[in-house]
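A structural walkthrough
The primary structure of each chain is shown beneath.
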Amino acid sequence: MWGCRGLSCAARVLLGVPRAAGGWTSGRRPLQPGLRTVNVIFRNLDTAADCSLSYKELKGLLKSQTTLIDVREKWEIGQFGKIPGSVNIPLGEVVEALQMNPKDFKERYNQDMPAKSDHLVFSCMAGVRSKKALDIAMSLGFSRVQHYAGGLEEWAKYEPPEKKQ
């Protein structure tokens, strides 16, 4: 019909695309999508794709004013190392950390508290937890956030992780 098989449920509802099992995903008659609806859907799909970084892109960003947050557990950092220059904030602490007052953040993480307009990149071992952290940061109003989907596993293919001495 519209080639919408790969669209998310939200996109299917907006376009009124029927489910495979039959019936309309919106539960009512199909919507007549206009150009505006389609543009909004595809802009959102593009934004989601823009959130993921490759090794090369991350390497370039690390030379700029970017805060790299590793959301793995502390024991993982000790065992596997980390991407040089990253700050460790385990995923379970991300919500609290991104809402702390700057003084407490500095004491706990030995890093300046990022502003909502600062560029943040999240990483983990293989991209799953970093994507969750990205979603959390976006929900808290951080506007320039990305995640390194390859994580430490990919980083280690190009250069050795930093290990604590």
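Relevant structure appears above.
Everything numeric in this text was worked out from a predicted model, so none of it was measured.

1. Overview of the pairing of strand S5 (residues 144–148)
Within S5, four of the five residues are buried, leaving the element largely enclosed by the surrounding structure. By the bridge criterion, two bridges tie strand S1 (residues 52–53) to S5 in an arrangement that is parallel. Note on S5: the bridge partner recorded for Ser52 is His147. Note that strand S4 (residues 119–123) and S5 share four bridges and pair parallel. Bridge pairing links Phe122 to His147 in S5. The handedness of the S4 to S5 crossover, carried by helix H7 (residues 128–139), is right-handed.

2. Comments concerning the sheet that holds strand S2 (residues 66–70)
Judged by pairing direction, the sheet is parallel, and its five strands sit side by side in the order S1-S5-S4-S2-S3 without closing on themselves. The sheet is open, and its two borders are formed by S1 and strand S3 (87–88), each paired with just one other strand. Strand contacts of H7: S4 and S5, with the helix running at about 175 degrees to S5, the strand carrying the most contacts.

3. Regarding helix H6 (residues 102–109)
Two or three places before Lys103, at the opening of H6, Asn101 has a side-chain oxygen 3.0 Å from that residue's backbone nitrogen. Of the residues flanking the end of H6, it is Asn110, one or two places downstream, whose phi is positive at about 55 degrees.

4. Remarks on the environment of Val94
Inspection of the secondary structure puts Val94 in helix H5 (residues 94–97). Each C-alpha atom, one on Val94 and one on Val71, is 7.7 Å from the other, the two residues being 23 residues apart in sequence. Here Val94 is in contact with Val71, Ile89, Ala133 and Ile136, once residues within four sequence places are set aside.

5. Some points on the pattern of salt bridges
Enumeration over the complete set of coordinates arrives at eight salt bridges. Here Arg108 and Glu93 are joined by a salt bridge, their closest N and O atoms 3.7 Å apart. Residue Arg108 is found in helix H6, and its partner Glu93 is found in the loop between S3 and H5; the two are separated by 15 residues along the sequence. For Arg108, a relative accessible area of 42% gives the class partly exposed. A salt bridge links Arg108 to Glu96, with the shortest nitrogen-to-oxygen separation between them at 3.3 Å. Residue Arg108 is located in helix H6, and its partner Glu96 is located in helix H5; the two are separated by twelve residues in the primary sequence. Each member of the salt-bridge network shares a partner with another, and the members are Glu93, Glu96 and Arg108.

Cut-offs applied
- Residues numbered from 1 in each chain as written.
- Predicted model: local features only at pLDDT ≥ 70, side-chain atom pairs only at ≥ 80, totals over all residues.
- Heavy atoms only, no water.
- Buried < 20%, exposed > 50% of the residue type's maximum accessible area, 1.4 Å probe, protein only.
- Helix = DSSP H or I, 4+ residues; strand = E, 2+ residues; numbered from the N terminus.
- Pairing = 2+ DSSP bridges.
- Right-handed = clockwise from strand over helix to strand, strands pointing away.
- Contact = heavy atoms within 4.5 Å.
- Axes fitted to C-alpha atoms, helices over the stretch in contact; angles between N-to-C directions.
- Polar contact = N/O pair within 3.5 Å; in protein donor to acceptor, adjacent residues only side chain to side chain.
- Salt bridge = Lys/Arg side-chain N within 4 Å of Asp/Glu carboxyl O.

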